[in-house]
Amino acid sequence: MLQTILFTATLAACVPCLASWSIDTDRSTPDKHGLFEIREEARRFISAENAKGSEQWQALEPNAKVLVPRCAVPLQTQWTPKSLGRSKPSVMVICAAAVPNTVMKTWDVHVAVKRKPHHP
């Protein structure tokens, strides 16, 4: 019974934290790379791509479940190659060298994109 009460109290205390979480508040720390910075890198890439041609794209949100170590070098971006088997277009945000950790040395996060509606 005490465990149930303790679990319920802990869960209730976490609800405001979870409710206030968003990608806008998920910033980088010394140990992890924030989804905010990953999304912004994808948006910069899409903005440059939109300036090149007639197709206009919009970067969506990265998957909120993604957790990656902090990148030690500037992030890189490119269109996700079709050979990776993704069904819809996306941008790869790539870290070529993560800060030393026991999980991964490099990583990439795919950020989905969609075509912007045409406005006459």
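Structure first, text after, so check above.
Everything numeric in this text was worked out from a predicted model, so none of it was measured.

The rules behind these values
Residues numbered from 1 in each chain as written. Predicted model: local features only at pLDDT ≥ 70, side-chain atom pairs only at ≥ 80, totals over all residues. Heavy atoms only, no water. Salt bridge = Lys/Arg side-chain N within 4 Å of Asp/Glu carboxyl O. Helix = DSSP H or I, 4+ residues; strand = E, 2+ residues; numbered from the N terminus. Buried < 20%, exposed > 50% of the residue type's maximum accessible area, 1.4 Å probe, protein only. Pairing = 2+ DSSP bridges. Axes fitted to C-alpha atoms, helices over the stretch in contact; angles between N-to-C directions.

### Details of the pattern of salt bridges
Move 1: Applying the stated criterion across every chain, the model contains nine salt bridges.
Move 2: For Arg 43, the salt bridge goes to Glu 40, with nearest N and O atoms at 3.2 Å. Pair noted here: Arg 43 and Glu 40 are both in helix α2 (residues 35-52), with a separation of three residues, about one helical turn.
Move 3: On the basis of relative accessibility, which here comes to 35%, the residue Arg 43 falls in the partly exposed class.
Move 4: Put simply, Arg 44 and Glu 41 hold a salt bridge, and the shortest N to O gap is 2.8 Å. Taken together, the residues span about one helical turn, with Arg 44 and Glu 41 both in helix α2 at a distance of three residues.
Move 5: Take Glu 41: its relative accessible area is 18%, and that puts it in the buried class.
Move 6: Among the charged side chains, a salt-bridge network with shared partners connects Asp 24, Arg 39, Glu 40, Arg 43 and Glu 61.

### Quick notes on the sheet that holds strand β5 (residues 90-95)
Move 1: Strand order in the open sheet made by the four strands is β2-β6-β5-β4, with antiparallel pairing throughout. A strand with exactly one partner marks an edge of an open sheet, and here the two such strands are β2 (57-59) and β4 (76-79). If you compare each strand with its neighbour and ignore which way they point, the axes differ by 30° on average.
Move 2: The pairing of β2 with strand β6 (residues 107-115) spans three bridges and is antiparallel. Residue pairing for β6: Gln 58 is matched across the bridge by Lys 114.

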